[in-house]
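Understanding the architecture of this molecule
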Amino acid sequence: MNTPSPADVLFILLGAIMILAMHAGFAFLELGTVRKKNQVNALVKILTDFAVSGIAYFFIGYPLAYGVDFWSGAQTLAAHNGYELVRFFFLLTFAAAIPAIVSGGIAERAKFHPQSVATFFLVGLVYPFFEGIMWNNHLGVQAWLTHQFGAAFHDFAGSVVVHAVGGWIGLAAVLHLGARRGRYNRNGQIAAHPPSSIPFLALGAWILIVGWFGFNVMSAQRAGGISGLVAINSLMAMVGGTLIAMVVGKDDPGFIHNGPLAGLVAVCAGSDVMHPLGALMVGLVAGALFVWLFTLTQNKLKIDDVLGVWPLHGVCGVWGGVAAGVFGQHALGGMGGVSFMSQLIGTLMGVVISFAGGYAVYGLLKKAVGLRLDEEEEYNGADLSIHKITATPEREAANGF
């Protein structure tokens, strides 16, 4: 690999900043979706989870995945304009997306500090273990796939490595927690918990959409690798996901604002190898999958995944991993160099490792310290129970006291 240039440093730094901004999108998407008494908790979780992720990834996760540590002197670390440092920042923003994804699934009833502990182990161990396999050729898996099927597992920007992993960890966490109290009654009826703020939900979606172009395009990690194809494929998947969610979701604003996210999740893996029409198809399928599976999990399976992180990230991420092996083929206008079997095997590996790892982490924490707020705390809301303040305090102290 050529020596990184100052332009490469700036390129990847701008990508890191754009993805860092996406975490505000995660926060406001959750804030707008949960009930009003849990809005503060949504904001606080995303920021503190990012901070915990920074520590876990700096000391454990990044060295585990890439064999690079930061124990050298600053003069050594600053080599090549500090490219390796900025690359860490860029990949940290990916790693920190794991707890940000999980946060939406466990909203409204999870304890605060146990989730921070879970974040440390997920970002320090579970995520980088799979990241190292697929993005740094650990354990010889990629070499074996190449030998057997002619191409390695291809995940350009993380449909599987980031999103599917986060979504399947989220499902494990939700299964351990159980449904919010009062969500389902003994007669099989479902209590509606409508979003507290569609404007905030929409703001979160828009921040994520804009930042996603840094997420995908800057995954080249070098200025010379930039590709307009990645940008346009991201755009086509986004609009496809939006329109199908509008139709299948019957104009529901929650579905319409999650539809583009479903399309963007799915296109990450193959955004550099698909034809734009293939990307549009990937987005259409992802948007429909999200609406159908969100409704199924909530109403039929009674899995109380508040933001639908399993269908959105878990399932659409799986679809994206497999779709890269279909729409990346020359026969469908793609760039080639991908194998359907490699995509299928790599994707299934991601599902197994993430679900098993997430189930183990949350299971151990559940036994050790518990995961849920007690009944009274949940009734009062996480804002008052944990943070001692609501999003919009209505009472003010009289006479300055």
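Residues numbered from 1 in each chain as written. Predicted model: local features only at pLDDT ≥ 70, side-chain atom pairs only at ≥ 80, totals over all residues. Heavy atoms only, no water.

Moving on: the overall build of the chain. In terms of helices and strands, the chain carries 16 helices and zero strands. For 401 residues, the compact-globule estimate of 2.2 N^0.38 gives 21 Å, and the C-alpha radius of gyration of the chain, at 21 Å, lies within 12% of that figure. Referenced to the eigenvectors of the C-alpha coordinate spread, the extents of the chain come out at roughly 65 × 55 × 40 Å. Every one of the 401 residues in the chain was classed for burial, and the buried ones make up 56%. Partitioning the intrachain contacts of the chain with sequence separation of at least 6 by distance along the chain shows that 80% fall at a separation of at least 24. For the chain, the centre of its 20 positive side-chain charges and the centre of its 21 negative side-chain charges are spaced 9 Å apart. (Helix = DSSP H or I, 4+ residues; strand = E, 2+ residues; numbered from the N terminus. Rg over C-alpha atoms; globule rule 2.2 N^0.38 Å. Buried < 20%, exposed > 50% of the residue type's maximum accessible area, 1.4 Å probe, protein only. Contact = heavy atoms within 4.5 Å. Lys, Arg positive; Asp, Glu negative; His and termini not counted. Charge placed at Lys NZ, Arg CZ, Asp CG, Glu CD.)

A few words now on the packing of helix 2 (residues 39-66) against helix 4 (residues 79-95). At a minimum axis distance of 10 Å, the contact between helix 2 and helix 4 shows a crossing angle of 115°. Our pair here, helix 2 against helix 4, has a crossing hand that is right-handed. Two secondary-structure elements touch here, helix 2 through Phe50, Ser53, Gly54, Tyr57, Phe58, Tyr62 and Tyr66 and helix 4 through Glu84, Arg87, Phe88, Leu91, Leu92, Thr93 and Ala95. For the contact of helix 2 with helix 4, a count of residues per class yields nine nonpolar, three polar and two charged. (Axes fitted to C-alpha atoms, helices over the stretch in contact; angles between N-to-C directions. Left-handed = near helix turned anticlockwise from the far one by under 90°. Nonpolar A, V, L, I, M, F, W, Y, C, P; charged D, E, K, R; others polar.)

Turning our attention to the nonpolar core. Across soluble globular proteins, you tend to see nonpolar side chains buried next to one another. Residues Tyr57, Tyr127, Trp212 and Phe215 are the most contacted members of the largest nonpolar core, which totals 105 residues. Here the element with the most residues in this core is helix 8 (residues 159-177); it accounts for eleven residues. Discounting residues that sit within four places of it in the chain, phenylalanine 215 has contacts with Ile19, Met22, Phe94, Ala157, Val162, His163 and Cys268. (Core = buried A, V, L, I, M, F, W, Y, C linked by side-chain atoms within 4.5 Å.)

With that settled, the discussion passes to the pattern of salt bridges. In the structure shown here, the tally under the stated rule is nine salt bridges. We note a salt bridge from arginine 222 to aspartate 8, for which the minimum N-O separation is 3.8 Å. Of this pair, arginine 222 sits in the loop between helix 9 (198-217) and helix 10 (228-248) while aspartate 8 is found in helix 1 (residues 6-33), placing the two residues 214 residues apart along the sequence. For aspartate 8, a relative accessible area of 7% gives the class buried. Its salt-bridge partner being aspartate 304, residue arginine 183 comes within 3.5 Å of it at the nearest N-O pair. Taken together, the residues span a long stretch of sequence, with arginine 183 in the loop between helix 8 and helix 9 and aspartate 304 in the loop between helix 12 (276-300) and helix 13 (309-327) at a distance of 121 residues. Using a relative accessible area of 10% as the deciding quantity, one classes arginine 183 as buried. (Salt bridge = Lys/Arg side-chain N within 4 Å of Asp/Glu carboxyl O.)

Applying the stated criterion across every chain yields a total of zero disulfides. You can see cysteine 268 has no disulfide; the closest cysteine sulfur is in cysteine 316, sitting 11 Å from it. (Disulfide = S-S within 2.5 Å.)

Turning to its location among the elements, leucine 29 is positioned in helix 1. You can call leucine 29 buried: its relative accessible area is 5%. Spatially, the C-alpha atom of leucine 29 lies 20 Å from that of serine 116, the residues being 87 residues apart in sequence. Not counting residues within four places of it along the chain, the set of residues in contact with leucine 29 comprises Phe200, Leu201, Gly204, Ala205, Leu208, Asn258, Leu261 and Leu307.

With that out of the way, let us pick up the packing of aromatic side chains. Counted by the stated rule, this structure contains 24 aromatic pairs. Between phenylalanine 58 and phenylalanine 70, the ring centres sit 4.7 Å apart and the planes meet at 15°, which makes this aromatic pair stacked. Of this pair, phenylalanine 58 sits in helix 2 while phenylalanine 70 sits in the loop between helix 2 and helix 3 (74-77), and the two are twelve residues apart along the sequence. Assessed through its relative accessible area of 9%, phenylalanine 70 is described here as buried. Ring centres of phenylalanine 94 and phenylalanine 215 lie 4.3 Å apart, and the angle between their planes is 25°; on these two criteria the pair is classed as stacked. Taken together, the residues span a long stretch of sequence, with phenylalanine 94 in helix 4 and phenylalanine 215 in helix 9 at a distance of 121 residues. Comparing phenylalanine 94 with phenylalanine 215, the two get one shared label, buried. One aromatic cluster is present, formed by Tyr57, Phe58, Phe59, Tyr62, Tyr66, Phe70, Trp71 and Phe88 through successive ring pairs. Above the plane of the ring of tyrosine 379 lies lysine 37, whose end atom (NZ or CZ) is 5.4 Å from the centre. (Phe/Tyr/Trp six-rings, centres within 6.5 Å; stacked < 30°, edge-to-face > 60°. Lys NZ or Arg CZ within 6 Å of the ring centre and 35° of its normal.)

Our focus in this paragraph is a nonpolar patch on the surface. Residues Leu64, Val117, Phe121, Leu125, Phe129 and Leu139 make up a contiguous nonpolar surface patch of about 540 Å² in total accessible area. Residue contributions to the nonpolar patch peak at four residues, all from helix 6 (residues 112-135). Mapped onto the secondary structure, phenylalanine 121 falls in helix 6. Phenylalanine 121 sits in the partly exposed class, given a relative accessible area of 38%. (Patch = residues over 30% accessible without salt bridge, like charges linked within 9 Å, V, L, I, M, F, W, Y side chains within 5 Å. Areas by Shrake-Rupley, 256 points an atom, 1.4 Å probe, with all protein chains shown as cover.)

Let's shift gears to unusual backbone geometry. With a phi close to 80°, glutamate 108 is a non-glycine residue in the positive phi region. In this fold, glutamate 108 is placed in the loop between helix 5 (97-105) and helix 6. Since its relative accessible area comes to 2%, glutamate 108 is described here as buried. Its identity is not glycine, yet aspartate 251 carries a phi of approximately 70°, on the positive side. Secondary-structure assignment places aspartate 251 in the loop between helix 10 and helix 11 (253-267).

Structural measurements only, silent on function.
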